[in-house]
Amino acid sequence: MSAIFTPSADKEFFTPFGPMLGYVRMPPNLVEYLNASMSEQLEDHSASLVGKVRQELLFPKPLVDAAAGALGNALIEYHIRASHRGTFGDYDHTAKRYELNIMAGWFVRQFENEYNPLHIHTGCALSCVGYLRLPEGIDDEWAEDDKDHHPTHGHLQFAHGTDSHYSVSNFMIRPRVGDFYIFPSYMFHSVYPFKTPGERRSFSMNLSVVESEA
Ligand SMILES: [Fe+2]
């Protein structure tokens, strides 16, 4: 069915094109639980991922379940909002039921001088990243990096399309423990190295939101 825009106010500015991103502050007990559950005994998946980082440890089921329990509503809300936007509101989420299909979750353990090259996530519709730990003293490195016109140290960068008037092609995220971002799996992203000794720990999940008639 065609997406037809119908104004609902005397003045509107809207963004029908390009990917939508989501941000949620994670509950502190999820951050604590995931950090406490991180173990080097978990299966290391890094050989099949692009990251030039020390370890990428797969989530066992209890961790997938904990993350889904705490963040599932936000992931489903992303799906509903993006579906509303893509149809100019011609989408009745109250007539549907939603389920998460999580293909994988994993910790990313990045230490000084390591990085994650430009990549996308495959075999899923949605991806996400949550920040669990940062090296002590990285704020000093960032204060120094801020003196440069283009700070990047330890930042996540998303890129999509081509720069054009009134539409940017990329932006940076400075990680903060407890922050969680949702993005479509096809969005290119990379993480820059940092110099402060210590661990920048995050986790990601690949998933799809499956909808059915209520
Ligand atoms: Fe990634």
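Relevant structure appears above.
Summarised in this report is the structure supplied together with it.

Side note on the overall build of the protein chain
(1) Moving on: Scanning the protein chain from N- to C-terminus turns up three helices and ten strands.
(2) Moving on: For the protein chain, the succession of helices and strands along the chain, N to C, is β-α-β-α-β-β-β-α-β-β-β-β-β.
(3) Moving on: The C-alpha atoms of the protein chain give 19 Å as radius of gyration, which agrees with the globular expectation for 214 residues (17 Å, within 12%).
(4) Moving on: Counting only C-alpha atoms, the protein chain reaches 55 × 45 × 30 Å along its principal axes.
(5) Moving on: By the burial criterion, 22% of the 214 residues in the protein chain qualify as buried.
(6) Moving on: Long-range pairs, those at least 24 residues apart, make up 83% of the contacts in the protein chain between residues at least 6 apart in sequence.

Observations regarding the sheet that holds strand 6 (residues 156-159)
(1) Moving on: Spatial strand order, 4-9-6-7: four strands in an open sheet with antiparallel pairing. Looking at strand neighbours, the two that pair on one side only are strand 4 (116-119) and strand 7 (170-173), the edges of this open sheet. Going across the sheet, the axis of each strand differs from the next one's by a mean of 15 degrees, ignoring polarity.
(2) Moving on: Examined bridge by bridge, strand 6 and strand 9 (residues 188-191) share four bridges and lie antiparallel to one another. Across the sheet, alanine 159 pairs through a bridge with phenylalanine 188, a residue of strand 9.

Section: the packing of helix 1 (residues 28-37) against helix 2 (residues 61-86)
(1) Moving on: Remark: helix 1 packs on helix 2, axes separated minimally by 11 Å, with the N-to-C direction vectors making an angle of 170 degrees. In terms of orientation, helix 1 lies roughly antiparallel with respect to helix 2. Across the interface between the two elements, Leu30, Tyr33, Leu34 and Ser37 of helix 1 pack against Leu63, Ala66, Ala67 and Ala70 of helix 2.

Observations regarding the nonpolar core
(1) Moving on: Judged by nonpolar contacts, the single largest core of 25 residues is most densely connected at Leu75, Trp106, Leu126, Cys128, Ile182 and Phe203.
(2) Moving on: For tryptophan 106, the contacting residues outside a window of four places in its chain are His45, Glu56, Leu57, Leu58, Phe59, Phe203 and Ser204.

Brief notes about unusual backbone geometry
(1) Moving on: Its identity is not glycine, yet asparagine 113 carries a phi of approximately 70 degrees, on the positive side.
(2) Moving on: The exposure class of asparagine 113 is exposed, given the 10 C-beta atoms found within 10 Å.
(3) Moving on: Positive phi, normally seen in glycine, also occurs at tyrosine 166, with a value near 65 degrees.
(4) Moving on: Turning to its location among the elements, tyrosine 166 is positioned in the loop between strand 6 and strand 7.

So, the environment of phenylalanine 14
(1) Moving on: Position of phenylalanine 14 among the secondary structure elements: in the segment before strand 1 (22-25).
(2) Moving on: Judged by local crowding, phenylalanine 14 falls into the exposed class, with 9 C-beta atoms found within 10 Å.
(3) Moving on: Between the alpha carbons of phenylalanine 14 and valine 191 there is a distance of 30 Å; along the sequence they are 177 residues apart.

The rules behind the values
Residues numbered from 1 in each chain as written. Predicted model: local features only at pLDDT ≥ 70, side-chain atom pairs only at ≥ 80, totals over all residues. Helix = DSSP H or I, 4+ residues; strand = E, 2+ residues; numbered from the N terminus. Rg over C-alpha atoms; globule rule 2.2 N^0.38 Å. Buried ≥ 20, exposed ≤ 12 C-beta atoms within 10 Å, placed from the backbone. Contact = placed C-beta atoms within 7 Å. Pairing = 2+ DSSP bridges. Axes fitted to C-alpha atoms, helices over the stretch in contact; angles between N-to-C directions. Parallel < 35°, antiparallel > 145°, perpendicular 65-115°, else oblique. Core = buried A, V, L, I, M, F, W, Y, C linked by C-beta atoms within 7 Å.

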